[in-house]
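# Results of the structural survey
Residue-level listing of the chains:
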Amino acid sequence: MPWIRACSVDELDDGDALQLPTVPPVAVFRADGEFFALNDTCTHGQSSLADGYVDGDRVECAWHFATFDLRTGAVLSPPATKPLCTYQVKLDGDEVLVEIPDPR
Ligand code: FES
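Just so you know, the residues in each chain are numbered from 1, in the order the chain's sequence is written. Local features are withheld for residues below a pLDDT of 70 in this predicted model, meaning they are given only at 70 or higher, and side-chain atom pairs are given and counted only at 80 or more; totals for whole chains, interfaces and linings count all residues. Hydrogen atoms and water are omitted, and side-chain values are computed over all heavy atoms in the structure.

Looking now at the overall build of the chain. Working definition: helices are DSSP H or I runs of at least four residues, strands are E runs of at least two. Numbering for both runs from the N terminus. Looking only at helices and strands, the chain has 0 helices and 11 strands in total. Reading the helices (α) and strands (β) of the chain from amino to carboxyl end gives β-β-β-β-β-β-β-β-β-β-β. By the compact-globule yardstick of 13 Å for 104 residues, the chain fits well, its C-alpha radius of gyration being 13 Å. Each of the three principal axes of the chain carries a C-alpha extent, and together these read 40 × 35 × 20 Å. Looking at the chain as a whole, 40% of its 104 residues are labelled buried. When contacts within the chain are restricted to residue pairs at least 6 apart in sequence, long-range pairs at least 24 apart make up 39% of them. Just so you have it, the chain exposes about 5800 Å², and 48% of that area is on carbon and sulfur atoms. Averaging the coordinates of the 7 positive side-chain charges in the chain and doing the same for the 18 negative ones gives two points 7 Å apart. Within these notes, the globule rule equals 2.2 Å times the number of residues to the 0.38 power, and the radius of gyration is based on C-alpha atoms. Accessible area is worked out with a 1.4 Å probe on protein chains only. A residue is then buried under 20% of its type maximum, exposed over 50%, and partly exposed in between. Contacts: residue pairs with any heavy atoms within 4.5 Å of one another. Computed with a 1.4 Å probe, the accessible areas rest on the Shrake-Rupley method; for each residue, only the protein chains presented here act as cover. Positive charges come from Lys and Arg, negative ones from Asp and Glu, while His and the chain ends are left out of the count. Note that the charge is assigned to NZ on lysines, CZ on arginines, CG on aspartates and CD on glutamates.

This is the structure we're talking about:
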């Protein structure tokens, strides 16, 4: 599976996120100095979680306020019921890389 560049470490502040134009879109979050990558689309609707609210190591959907664990993708509060896919993240110098599955 290929690693793609998401951003540089300095491009994301704590509590910020960006959306990668992958299929499906992936959101990259920075929380407490760590980086996380998950599917960007909320499992309850079509809301972008990169537009949500980061609080510690969780993100709250901007539409109906479901929350997800940034480390595991698990649902922490409804109305979402399905977890998010998570992706591996690594640093290469000051570059943030995300492992994206090959398109099928
Ligand atoms: S679309 Fe995210 S909670 Fe409804």
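Before going further, it helps to spend a moment on the environment of glutamine 19. As for its placement among the helices and strands, glutamine 19 is situated in strand S2 (residues 17-20). Through-space distance from the C-alpha of glutamine 19 to that of alanine 50 is 5.9 Å; in sequence the pair is 31 residues apart. Those residues within four positions of glutamine 19 in sequence are excluded, and the remaining contacts are Pro25, Val26, Asp40, Ser48 and Ala50. Within the structure, the side chain of glutamine 19 is placed 2.6 Å from the side chain of aspartate 40, a separation counted as a polar contact. Throughout this description, a polar contact denotes any pair of N or O atoms lying within 3.5 Å of each other; where both atoms belong to protein, one of them has to be capable of donating a hydrogen while the other can accept it, and for residues adjacent in sequence the pair is counted only when both atoms sit in side chains.

Before going further, it helps to examine the side chain of serine 47. Within the secondary structure, serine 47 sits in the loop between strand S4 (34-39) and strand S5 (53-55). Classification of serine 47 as buried rests on a relative accessible area of 5%. When near neighbours in sequence (up to four residues on either side) are disregarded, serine 47 contacts Asp40, Thr41, Cys42, Cys61, Ala62 and Trp63.

Let's shift gears to the side chain of aspartate 40. With respect to the helices and strands, aspartate 40 occurs in the loop between S4 and S5. Despite its burial, aspartate 40 pairs with no opposite charge, the nearest such side chain being arginine 5 at 17 Å. A polar side-chain atom of aspartate 40 sits 2.8 Å from a polar atom in the side chain of serine 48. Apart from the residues within four sequence positions on either side, aspartate 40 is in contact with Gln19, Pro25, Val26, Ala27, Ser47, Ser48, Leu49 and Ala50. The term salt bridge refers to a pairing of a side-chain nitrogen on Lys or Arg with a carboxyl oxygen on Asp or Glu at a separation within 4 Å.

Our focus in this paragraph is the environment of leucine 49. Relative to the elements of secondary structure, leucine 49 occurs in the loop between S4 and S5. Overall, leucine 49 belongs to the buried group, its relative accessible area being 1%. Taking C-alpha positions, leucine 49 is 12 Å from aspartate 69, a pair spaced 20 residues apart along the chain. Setting aside its immediate chain neighbours within four residues, leucine 49 contacts Phe29, Asn39, Asp40, Thr41, Cys42, Val59, Cys61, Phe68 and Leu84.

We now examine unusual backbone geometry. With an omega of 0 degrees, the peptide bond between valine 23 and proline 24 qualifies as cis. Mapping proline 24 onto the fold places it in the loop between S2 and strand S3 (26-31). Even without being glycine, phenylalanine 65 reaches a positive phi, approximately 70 degrees. Take phenylalanine 65: it is sitting in the loop between strand S6 (58-60) and strand S7 (67-69). Classification of phenylalanine 65 as partly exposed rests on a relative accessible area of 44%.

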